[in-house]
Each structure stands twice: as C-alpha cells, then as structure tokens.
Amino acid sequence: QNCPSCARILFEESDAPLEESLIRAFGSAVEQYLVPKNIIRHTVVTIDNLPRKKTAVQMWPLKPMSGELMVNSDTVITLDEKNFARYAPLVGLLEKADTAQLASLYRRYYPLFQQSYVELGYPDGYFNDRLVEVIDHLLETPDVRGPIELTQPGMFYEYADPSLEGRSAGQKLLIRMGPENAATIKRKLLELREEIAKTEE
C-alpha cells in the first residue's frame, strides 16, 4: 500500500472523475472557476493554510476572482459594497449544492485527501481532523457590517482596523466577500461539518 508512484498515478487519474463529480454537484457553471489539475492536492494545501496569515494563491483549487478590488476613496478609503457582487455567482453555486452529496464525494476521495495531507508534512495527522478544525475557525469569523475602512501602505490594501487585519487569510477573505456571502458560506460549512460528523459516528 505504501507506494509513492502508485499514489501519483491515483492523484493524476483522480482529476477528471473528480471534476465530473464536482460539475454534477455544483452544476456546469463551476467549470469556469475550477483549476482542473491537482484538485485534491490544491484543496488540501488551501484548507490547511486558511487559518494562517497567508495562503498561496497559485495553490488554490479555484481561479482568483476576476476584476480589481473595488474601493471608495473620498475622505477615507473603504471597501466598496459593489465588490461583494464579484463573489455572488460562486457563492450561489455553493448555496444550491446538495451538502449530503458533497460529503459523499469527500468520503469517496478521502484516501487521496489523507495521502496528500501526509505528504504535506503531517505523517501522523488526519486530514478530517484538520478540515473540522478549519471549518470551526472560519465559523468564528465576525459579522462585519457597515463601511470597512482600508489603508494602502504598499501595493495592496489592508484593513485599517488592526483587529481585522490581524485575522487569518480565511477569515479576511470571508469579510472581504461581504456579510451576506459570508453568512451563506458559514451556513454551508456548518451543514458540511454535521455531515462529516455523521461519518465519524
């Protein structure tokens, strides 16, 4: 069973059927967002990084949102609420997806998720434990409403509020998506967590 070359073949062979399964779960529109190569590895790396300060965008299983970050810059720089609409189509796909179907898909491919997690540097860890931990972390993201003030110390914008800027990459992403999108994602994550818990019973 400990066959690195066999694992590579399985990983390479998993992309096409997994992509087909994701299209069935989310609808054909998901294709425009999906990076159809190394889906499992990229998913594991991204999930593991979400509670950290930074994530590697080039390792995301989804393509970055198109368009520039929209801001208002009158007396102070604030995040433009029009920016939230950039995420709405993708969040809509997630909202409509059958959570039980997603959990079933996760269970089917779990050996590869686990293998990828081990290869990431956690020989004694369980990816399922990490996934639940990350879901719980994202569920703790504060519900931020009203104008969100930004600063631009360099090329990139930052949250002016240190309590927001100091949060993890995953929580800052949810805040950047806007409160309604974030609430939808949280509801789906909670449903997924419950489905995963059923598997462990």
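We now turn to the structure provided with this report. (Residues numbered from 1 in each chain as written. Predicted model: local features only at pLDDT ≥ 70, side-chain atom pairs only at ≥ 80, totals over all residues. Heavy atoms only, no water.)

### Concerning the overall build of the protein chain
For clarity, the threshold we go by: Note on conventions: DSSP H or I runs of at least 4 residues are helices, E runs of at least 2 residues are strands, and numbering of each starts at the N terminus. Atoms considered for the radius of gyration are the C-alpha atoms alone. The globule rule reads 2.2 Å times the number of residues to the power 0.38. Contacts: residue pairs with any heavy atoms within 4.5 Å of one another. In this count, Lys and Arg are taken as positive residues and Asp and Glu as negative ones, while His and the chain termini are left out. Charge positions are represented by NZ for Lys, CZ for Arg, CG for Asp and CD for Glu.
Counting its regular elements, the protein chain contains nine helices and four strands. Ordered by position from the N terminus, the helices and strands of the protein chain form the series α-α-β-β-α-α-α-α-β-β-α-α-α. The C-alpha radius of gyration computed for the protein chain amounts to 18 Å, which stays within 12% of the reference 17 Å derived for 201 residues, consistent with globular compactness. Long-range pairs, those at least 24 residues apart, make up 66% of the contacts in the protein chain between residues at least 6 apart in sequence. Here the protein chain carries 23 positive and 30 negative side-chain charges, and the mean point of each set is 2 Å from the other.

### Examining the pattern of salt bridges
Note the following rule: A side-chain nitrogen of Lys or Arg and a carboxyl oxygen of Asp or Glu constitute a salt bridge if their distance falls within 4 Å. Relative accessible area decides the class of each residue, using a 1.4 Å probe on protein chains only: under 20% of the type maximum gives buried, over 50% gives exposed, and in between gives partly exposed.
This model, assessed by the stated rule, comprises 10 salt bridges. Between E95 and R187 there is a salt bridge, and its shortest N-O distance comes to 3.8 Å. Separated by 92 residues along the polypeptide, E95 in helix α3 (residues 88-96) and R187 in helix α9 (residues 179-200) bring together distant segments of the chain. The exposure class assigned to E95 is partly exposed, which follows from its relative accessible area of 43%. Between E133 and R130 there is a salt bridge whose closest N-O contact spans 2.9 Å. Placement of both E133 and R130 in helix α6 (residues 127-139) is noted, with a separation of three residues, approximately one turn of the helix. Each of D48, R52, R130 and E133 takes part in a single network of salt bridges with overlapping partners.

### As for the environment of S116
Tracing the chain through its elements places S116 in helix α5 (residues 110-119). Distance in space between the C-alpha atoms of S116 and V45 is 8.5 Å, their sequence separation being 71 residues.

### Observations concerning the packing of aromatic side chains
Going by this rule: In summary, the pairing rule links any two rings of Phe, Tyr or Trp, Trp by its six-membered ring, whose centres are within 6.5 Å, and it sorts them by plane angle into stacked for under 30 degrees, edge-to-face for over 60 and tilted for everything else.
On inspection of all chains with the given rule, the structure shows six aromatic pairs. Ring geometry for Y106 against Y110: centres 5.5 Å apart, planes inclined by 75°, an arrangement best described as edge-to-face. In this structure an aromatic cluster arises from ring pairing among Y106, Y110, F113, Y117, Y122 and F127.

### Some details on the packing of helix α2 (residues 39-49) against α5
We count it as follows: For every element, the axis is a line fit to its C-alpha atoms; helices are fit only across the contacting stretch, and the angle between N-to-C directions ranges from 0 to 180 degrees. Here the angle decides the label: under 35 degrees means roughly parallel, over 145 means roughly antiparallel, 65 to 115 means roughly perpendicular, and every other value means oblique. The crossing is said to be left-handed when, going from far helix to near helix, the turn is anticlockwise and less than a right angle, and right-handed when the turn is clockwise. Asp, Glu, Lys and Arg are counted as charged, while Ala, Val, Leu, Ile, Met, Phe, Trp, Tyr, Cys and Pro are counted as nonpolar; the rest, among them Gly, fall into the polar class.
Direction vectors running N to C along α2 and α5 enclose 60°, while the axes themselves pass 9 Å from each other. Accordingly, the angle class assigned to the pair α2 and α5 is oblique. When you trace α2 past α5, the crossing you get is right-handed. Counting all contacts with α2, which are made through I40, R41, T43, V44 and D48, the residues of α5 involved are L112, F113, S116, Y117 and E119. By residue class, the composition of the contact of α2 with α5 is five nonpolar, two polar and three charged.

### Focus: the environment of S73
Locating S73 in the fold gives a position in strand β1 (residues 71-73). As a C-alpha pair, S73 and N128 span 55 residues in sequence and 43 Å in three-dimensional space.

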